[in-house]
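Residue-level structural notes
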Amino acid sequence: MTIRRLPETLINRIAAGEVVERPAAAVKELVENAIDAGATRVDIELREGGVALIAVGDDGSGMSREDLVLAVERHATSKLPDDDLLHIATLGFRGEALPSIGAVARLTLISRKAGTDSAWALSVEGGQLGEPIPAAHPPGTKVEVRDLFYATPARLKFLKSERTEAAAAIDAVERLALACPSVAFSLTIDGRSVLKLPAAGSGESARLERLVAIIGRDFIANALPLDAVRDDVRLTGHAGLPTFHRATGRHQYLFVNGRPVRDKLLGGALRAAYQDLLARDRHPVAALFIDLPPGQVDVNVHPAKAEVRFRDAGSMRGLIIGALRHALAAAGHRAASTPGIAALAALRPADGAATGRLDFAPPRPSPIRLRQMNRIGFHNRRDRRLPPNRVPLTRVSPWGWRGPSFTTPISSPRPATGSSLSISTPRMSAWCSSG
Ligand SMILES: Nc1ncnc2c1ncn2[C@@H]1O[C@H](COP(=O)(O)OP(=O)(O)OP(=O)(O)O)[C@@H](O)[C@H]1O
Ligand SMILES: [Mg+2]
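About the thresholds
- Residues numbered from 1 in each chain as written.
- Chains lettered and ligands numbered in written order.
- Predicted model: local features only at pLDDT ≥ 70, side-chain atom pairs only at ≥ 80, totals over all residues.
- Heavy atoms only, no water.
- Helix = DSSP H or I, 4+ residues; strand = E, 2+ residues; numbered from the N terminus.
- Buried < 20%, exposed > 50% of the residue type's maximum accessible area, 1.4 Å probe, protein only.
- Contact = heavy atoms within 4.5 Å.
- Areas by Shrake-Rupley, 256 points an atom, 1.4 Å probe, with all protein chains shown as cover.
- pLDDT = per-residue confidence, 0-100.
- Polar contact = N/O pair within 3.5 Å; in protein donor to acceptor, adjacent residues only side chain to side chain.
- Phe/Tyr/Trp six-rings, centres within 6.5 Å; stacked < 30°, edge-to-face > 60°.
- Near = heavy atom within 4 Å.
- 1 Å grid on protein atoms, 1.4 Å probe; cavity = no way out; pocket = protein on both sides within 12 Å on 5 of 7 lines; lining within 4 Å.
- Sits in = over half its atoms within 2 Å of the grid points.
- Nonpolar A, V, L, I, M, F, W, Y, C, P; charged D, E, K, R; others polar.
- Expected span 1.5 Å × (residues − 1).
- Pairing = 2+ DSSP bridges.
- Axes fitted to C-alpha atoms, helices over the stretch in contact; angles between N-to-C directions.
- Parallel < 35°, antiparallel > 145°, perpendicular 65-115°, else oblique.
- Left-handed = near helix turned anticlockwise from the far one by under 90°.

This paragraph deals with the overall build of the chain. Broken down by element type, the chain carries 13 helices and 22 strands. In the chain, which comprises 435 residues, the share counted as buried stands at 51%. For the chain, the proportion of contacts with a sequence separation of at least 24, taken over those separated by at least 6, is 69%. Counting only carbon and sulfur atoms, one obtains 54% of the accessible surface of the chain, whose full area is about 20,600 Å².

As a further point, take the confidence of the model for the chain. Looking at the chain, the pLDDT average stands at 83 and 76% of residues meet or exceed 70. Scored below 50 in pLDDT, residues 333–362 shows 63 contacts in the model against residues more than four places distant or in partner chains.

Our next topic: the environment of Thr164. Residue placement: Thr164 occurs in helix α6 (residues 162–179). Judged by relative accessible area, which is 35%, Thr164 ranks as partly exposed. A sequence separation of 140 residues divides Thr164 from Ala24, and the C-alpha atoms of the two residues are 10.0 Å apart. In terms of polar contacts, Thr164 uses its side chain to reach the side chain of Ser161, at 2.8 Å.

Bringing the packing of aromatic side chains into the picture now. Going through the model one piece at a time under the given rule, you end up with 2 aromatic pairs. With centroids separated by 6.2 Å and ring planes inclined at 40 degrees, the aromatic side chains of Phe219 and Phe244 adopt a geometry described as tilted. Placement of the pair is Phe219 in helix α8 (residues 217–221) and Phe244 in the loop between β11 (233–240) and β12 (245–246), with a sequence separation of 25 residues. For the pair Phe255 and Phe289, a centre-to-centre distance of 4.6 Å together with 5 degrees between the ring planes defines the contact as stacked. Here Phe255, found in strand β13 (residues 252–256), pairs with Phe289, found in strand β16 (residues 286–291); they are 34 residues apart in sequence, far enough to count as distant. Per residue, the accessibility class of Phe255 equals that of Phe289, and both read buried.

On to the site of ligand 1, then. The environment of ligand 1 is made up of 22 residues, and the closest members are Thr77, Ser78, Lys79, Glu96 and Lys305. Contacts to ligand 1 include Phe93, whose backbone N or O atom sits 2.9 Å from an oxygen atom. The backbone of Glu96 places a nitrogen or oxygen atom 2.8 Å from an oxygen atom of ligand 1. Applying the majority rule of atoms within 2 Å of the grid points places ligand 1 in the second largest pocket. Broken down by secondary-structure element, the contributors of at least two residues to the shell around ligand 1 are α2 (23–36) and α4 (97–104). Counting residues per element, the shell around ligand 1 draws most heavily on α4, which supplies 3 residues. A class-by-class count of the residues in the shell around ligand 1 yields 8 nonpolar, 8 polar and 6 charged.

Let's shift gears to α6. Over its 18 residues, α6 extends 26 Å from the first C-alpha to the last, a length consistent with the 26 Å expected when each residue adds 1.5 Å. The buried count for α6 comes to 13 of 18 residues, which makes it a mostly enclosed element.

The next subject is the sheet that holds β11. The strand order across the open sheet formed by 5 strands is β10-β11-β16-β13-β14, and the pairing between neighbours is mixed. On the outer flanks of this sheet lie β10 (223–230) and β14 (259–261), each paired with one strand and no other. Within this sheet the neighbouring strands show an average axis-to-axis angle of 20 degrees, counted without direction. Sheet topology note: the β10/β11 ladder contains 8 bridges and is antiparallel. Bridge pairing links Arg230 to Val233 in β11. The strands touched by helix α7 (residues 204–214) within the sheet are β11, β13 and β16, with β11 carrying the most contacts at an inclination of about 40 degrees. Contacting β11, β13, β14 and β16, helix α9 (residues 264–274) runs over the sheet at an angle of about 130 degrees to β13.

Between helix α1 (residues 8–19) and α4, the shortest axis-to-axis distance is 8 Å and the interhelical angle comes to 105 degrees. Viewed along their axes, α1 and α4 adopt a mutual orientation that is roughly perpendicular. Taking contact as the criterion, the partners of Thr9, Asn12, Arg13, Ala15, Ala16 and Val19 in α1 are, on α4, Ala97, Pro99, Ser100, Ala103 and Val104. The class makeup of the residues in the contact of α1 with α4 is 7 nonpolar, 3 polar and 1 charged.

It is at 8 Å that the axes of α2 and α6 come closest, and there the two elements cross at 25 degrees. Comparing their axes, α6 and α2 come out roughly parallel. In this structure, α2 meets α6 at a crossing whose hand is right-handed. Of α6, the residues touching α2 (which contributes Pro23, Ala24, Val27, Lys28, Val31, Glu32 and Ile35) are Glu165, Ala168, Ala169, Ala172, Val173 and Leu176. Counted by class, the contact of α2 with α6 contains 10 nonpolar, no polar and 3 charged residues.

Quick look at the structure:
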């Protein structure tokens with residue numbers, strides 16, 4: 001057995017296994033590149049679930065002829081100017097997305113650098129690099145990926161149905177669109193427009209507009225605004241009422257410094273916060289935005305960049321659980337002090353923009369949980385998480401249960417305020433130029 005150095009194409013193919021696991025991952029990488037390039041609009045087209053074609057066009061900074069050649073080279077990036085992995089301010093930084101895609105598909109980049117009058121096109125097919133040729137294109141970049149995984153047939157076999165792959169791609173675009181309300185997005189699949197999001201500007205109203213566009217008016221009408229700070233960490237966003245639950249956790253949108261993440265710690269904290277309020281097989285809907293100094297979080301955990309490690313994981317978990325429980329307890333109090341629908345209607349945004357159906361389907365505990373709860377009779381009377389002046393009054397009955405309603409014998413009921421957000425995400429606004 002001899003040890004040998006692998007050829008570059010094979011190295012890229014191996015890396016591609018983790019970076020572009022499925023079409024949605026390639027879509028995510030290309031849209032992230034557009035956002036990092038300061039685009040104000042991103043247009044995405046897919047065919048056959050993204051396998052036949054993924055095209056992403058942007059009006060960002062564009063690339064020169066030399067940039068194009070470097071862009072498809074492994075570990076070449078413009079995003080780590082100081083070699084500093086501790087203060088990553090962009091969505092990409094590893095310099096491997098384009099070479100990975102080029103290793104397993106037919107990749108074409110057409111780009112014109114802003115401020116210049118010539119555009120260039122460059123192709124990479126299954127790892128074979130072509131020559132840059134002059135092209136016609138407005139300032140910005142268009143990336144086309146055809147026949148994804150044609151060079152790695154094994155991966156092709158593992159793909160799910162076109163529909164499932166397309167759904168995953170829509171989800172990836174929606175998450176990035178939630179992170180960047182100031183960027184306009186359009187998504188077309190097999191000639192059908194599935195997403196059209198105009199630029200929403202910046203600030204809290206823009207984020208709210210995106211949340212409504214993506215998760216729906218129902219969500220805002222059934223959600224509690226969050227704004228909590230612990231040390232340097234800030235949590236903002238909206239958390240759905242326990243009555244607004246779903247069968248899967250797909251509708252949980254988590255962002256760390258403007259990056260969409262799927263993180264076990266954050267997901268676990270969210271689950272823990274609703275633990276006593278939802279049946280085990282039901283999931284809350286939430287959009288949580290966490291902002292903290294970049295040095296306190298490591299995003300370089302996995303090539304897909306969807307996982308993060310917090311320096312102080314315990315404190316992060318505490319912040320999320322505490323903020324959510326506090327908001328939920330306050331809402332329970334409000335629901336108890338104002339009759340039914342009126343209390344929840346009061347949760348709508350102050351501008352009255354959100355209207356729509358209020359979902360009151362009560363979460364059903366499992367039969368075992370129901371038995372346990374009935375044995376206790378009144379649920380969780382000694383819950384130390386409650387403020388000292390609140391007494392839990394959750395009553396459980398065999399024909400359903402009522403979400404917790406809290407009375408406060410001491411203070412008078414708090415007025416129901418409109419849904420308000422105060423967000424400060426300096427790095428996010430740096431990426432998402434406000435158009
Ligand atoms: N749409 C785009 N507009 C302008 N420049 C781009 C675009 N896409 C890619 N680039 C340039 O090509 C480089 C390589 O892109 P690639 O996605 O491979 O790596 P990256 O974004 O730096 O890091 P990562 O692998 O984490 O995504 C980028 O650093 C950027 O300079
Ligand atoms: Mg990238």
